[in-house]
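Structural overview for review
Here's the letter readout for the chains.
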Amino acid sequence: MGKGKLYIETYGCQMNFADSEVVAAILSPEYDIVDNVKDADVILVNTCSIRDNAEQRVFNRLNELTNLKNKKKHLQIGILGCMAERLKDDLFQKSNVDLIVGPDAYRMLPEILKSEISPIDVQLSQTETYKEIIPFKYEGNGVSAFVSIMRGCNNFCSYCVVPYTRGRERSREIDSILNEIQHLVNDGYKEVTLLGQNVNSYHFEDYNFATLMQIVAEKFSTTRIRFATSHPKDLSDELLEVMAKYNNICKSIHLPAQSGSTAMLKRMNRKYSREDYLNRIASIKKHLPDCAISTDLIAGFCDETEEEYQATLSLMKEVGFDFAYMFKYSMREGTAAHKHMQDNIPEEIKIKRLEEIIALQQELSHISNKKDVGKSMEVLVEGPSKRNKNQYFGRNSQNKVVIFDKGNCQKGDFVMVKITACTAATLLGELL
Ligand code: SF4
């Protein structure tokens, strides 16, 4: 009998995309990946619970997908990821799916799909890191890849559902990380991003995140190294020193602030104050003067006063973030905020505050990009620009998108580009 056909659709963060590649590897002996959902015998939807509208999107999509069962009786549809973990067997009532598998149970998928065991497995693990599984890269640009170095989170920020859907924090063995990167390098990848919910708390035997980065940077000296995501309370000077020492470690740090108000940060259980955050920013600027700093910000968390909201705006100006992911607060069931606080900021105020935060960040991003006009910089070519086939797009060390005319270079090349103009989102340049 030939192999079955598997279609995977992924929502949410980079961890989910990395997990979908693990799932593809686990199922590769029995299934070929297809890129048209209509060809599939099995459809797996890897889901995100971070905000209510992320879940609603998945429910809408499941309605469309489950209609395909009318034409194909043997079609199996499964829900993976955070919604599987959060909603568990409620999902059987809410949608016409066949299996529900949480983030730590993907090894069971072959047996579940053969109906040899229960169609639901949402058991979380203290130890699972899928360490020896080499993810199957079925999509992506073939140039840059994610490598998961840890799973779960122990921080319990009061707004966040992740510790409940992804379980306790655990770090992956260093040799298995190096082995995966070696595979990627052998396959021609030029950039890897080490991934975890809080990479700065990586620890395995005597290694911490700084020593892991040093080992990776030395062993793969022609590969660009990035990481995400950092927690401000754990970002060490030791790491910044390692970043300064190695040219192949990209000069870009994503450091989620969430708010600029110490009182608000306390309610969010972030475990740092505004001053602590600014102290980390000062240390980044001291060790890495050319480092881009990006962040996450939430508008309208429980009890947010006008003064607290203004503190977020003033923090943004003080740091001068190069980029930000900005959201309005959405209460998630089961979190500390859901149990002990009230989602009491009116929707129109949340929207107004978010719009103002976005507008300010647009200005800050534009200011940051204007400073690059006239500079020459190394860019890793990722592929053709979406808007113009005669142009390439790539990223510089600071993770900014750079667009330029193709010339003689190819996808995967490191090239020098002189920046001639910019928008708030993009640098435009000429190949040197
Ligand atoms: S650090 Fe906080 S926001 Fe990030 S995943 Fe953990 S609990 Fe969620």
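Basis of the calculations
- Residues numbered from 1 in each chain as written.
- Predicted model: local features only at pLDDT ≥ 70, side-chain atom pairs only at ≥ 80, totals over all residues.
- Heavy atoms only, no water.
- Disulfide = S-S within 2.5 Å.
- Buried < 20%, exposed > 50% of the residue type's maximum accessible area, 1.4 Å probe, protein only.
- Axes fitted to C-alpha atoms, helices over the stretch in contact; angles between N-to-C directions.
- Helix = DSSP H or I, 4+ residues; strand = E, 2+ residues; numbered from the N terminus.
- Parallel < 35°, antiparallel > 145°, perpendicular 65-115°, else oblique.
- Left-handed = near helix turned anticlockwise from the far one by under 90°.
- Contact = heavy atoms within 4.5 Å.
- Nonpolar A, V, L, I, M, F, W, Y, C, P; charged D, E, K, R; others polar.
- 1 Å grid on protein atoms, 1.4 Å probe; cavity = no way out; pocket = protein on both sides within 12 Å on 5 of 7 lines; lining within 4 Å.
- Points joined across faces, edges and corners; volume = space filled by probe spheres on them.
- Domains from an automatic or database assignment.
- Buried area = accessible area lost by both parts, 1.4 Å probe.
- Salt bridge = Lys/Arg side-chain N within 4 Å of Asp/Glu carboxyl O.
- Polar contact = N/O pair within 3.5 Å; in protein donor to acceptor, adjacent residues only side chain to side chain.
- Pairing = 2+ DSSP bridges.
- Near = heavy atom within 4 Å.

**Some thoughts on the state of the cysteines**
Enumeration according to the criterion identifies zero disulfides in this entry. Cys302 forms no disulfide, and the closest cysteine sulfur to it belongs to Cys157, at a distance of 13 Å. Given a relative accessible area of 0%, Cys302 falls into the buried group.

**Looking at the packing of helix α7 (residues 174-186) against helix α8 (residues 209-219)**
In the contact formed by α7 and α8, the axes pass within 11 Å of each other and the chain directions differ by 30 degrees. The orientation of α7 relative to α8 falls into the category roughly parallel. Crossing hand, α7 versus α8: right-handed. Side by side, α7 and α8 meet where Ile174, Ile177, Leu178, Ile181 and Gln182 of the first sit next to Leu212, Ile215, Val216 and Lys219 of the second. Of the residues in the contact of α7 with α8, the class split is seven nonpolar, one polar and one charged.

**Considering empty space enclosed by the protein**
Rolled over the atoms, a probe with the dimensions of a water molecule shows which regions are left empty. Inspection of the entire model under this criterion finds one cavity of 30 Å³ or more. Quantified by volume, the largest cavity comes out at close to 100 Å³. Taken together, 15 residues line the largest cavity, and the ones lying closest to its centre are Val22, Pro135, Ser148, Arg172 and Glu180. If you list the elements that add at least two residues to the lining of the largest cavity, you get α1 (14-27) and β7 (144-148). Of all the elements, α1 adds the most residues to the lining of the largest cavity, at four residues. Its residues assigned to classes, the lining of the largest cavity shows seven nonpolar, two polar and six charged.

**Some points on the domain arrangement of the chain**
For the chain, the domain assignment lists domain 1 (4-121), domain 2 (286-371) and domain 3 (376-431). A straight line from the C-alpha centre of domain 1 to that of domain 2 covers 33 Å. Across the contact, six residues belong to domain 1 and five residues belong to domain 2. Carbon and sulfur atoms supply 38% of the area buried between domain 1 and domain 2, which totals about 460 Å² over both sides. If you sort the residues of domain 1 by the area they bury against domain 2, Arg51, Asp52 and Arg86 come out on top, with a joint share of 82%. Put simply, domain 1 and domain 2 have one salt bridge between them. The residue Arg332 makes a salt bridge to Glu55 at a minimum N-O spacing of 3.2 Å. Counting every contact that joins domain 1 to domain 2 gives three residue pairs in polar contact (both at pLDDT 80 or more). Taken together, the residues of the side of domain 1 that touches domain 2 sort by class into one nonpolar, one polar and four charged.

**Quick word on the pairing of strand β10 (residues 191-195)**
Of all five residues that make up β10, five are buried, and the element is covered over most of its length. As judged from the five bridges shared by β7 and β10, these two strands associate in the parallel manner. Bridging across to β10, Ala145 finds its partner in Val192. Across five bridges, β10 lies against strand β13 (residues 224-228) in parallel orientation. Within the sheet, the bridge partner assigned to Leu194 lies in β13 and is Phe227.

**A short note on the site of the ligand**
With respect to spatial proximity, the complete set of residues near the ligand consists of Cys153, Asn155, Phe156, Cys157, Tyr159, Cys160, Val162, Pro163, Gln197, His231 and Arg270. Within the shell around the ligand, the residues separate by chemical class into seven nonpolar, three polar and one charged.

**Focus: the layout of surface pockets**
Quantified by volume, the second largest pocket comes out at close to 800 Å³. Lining the second largest pocket are 33 residues; nearest its centre among them are Lys251, Asp290, Cys291, Ala292 and Gln398. Per-class residue counts for the lining of the second largest pocket are 12 nonpolar, 11 polar and 10 charged. When residues of the lining of the second largest pocket are assigned to domains, at least three fall in each of domain 2 (286-371) and domain 3 (376-431).

**A closer look at unusual backbone geometry**
The omega torsion across Ala228 and Thr229 is 0 degrees, close enough to zero to call that bond cis. You will see that Phe156, though not glycine, has its phi angle at about 50 degrees, which is positive. With respect to the helices, strands and loops of the structure, Phe156 is situated in the loop between β8 (150-151) and α6 (162-166). At Gln258, a position not held by glycine, the phi torsion is positive, near 70 degrees. Looking at the element boundaries, Gln258 is found in the loop between β14 (252-254) and α10 (262-267).

**Here we look at the pattern of salt bridges**
Counted under the stated rule, the structure contains 30 salt bridges. Among the ionic pairs, Arg226 bridges to Glu191, the shortest N-O distance being 3.2 Å. You can see Arg226 sitting in strand β13 and its partner Glu191 sitting in strand β10, a full 35 residues away along the chain. Between Asp237 and Arg280 there is a salt bridge, with the nearest N and O atoms lying 3.1 Å from each other. You can see Asp237 sitting in helix α9 (residues 237-245) and its partner Arg280 sitting in helix α11 (residues 274-287), a full 43 residues away along the chain. Overlapping salt bridges bring together Asp19, Asp104, Arg151, Arg166 and Arg170 as one network.

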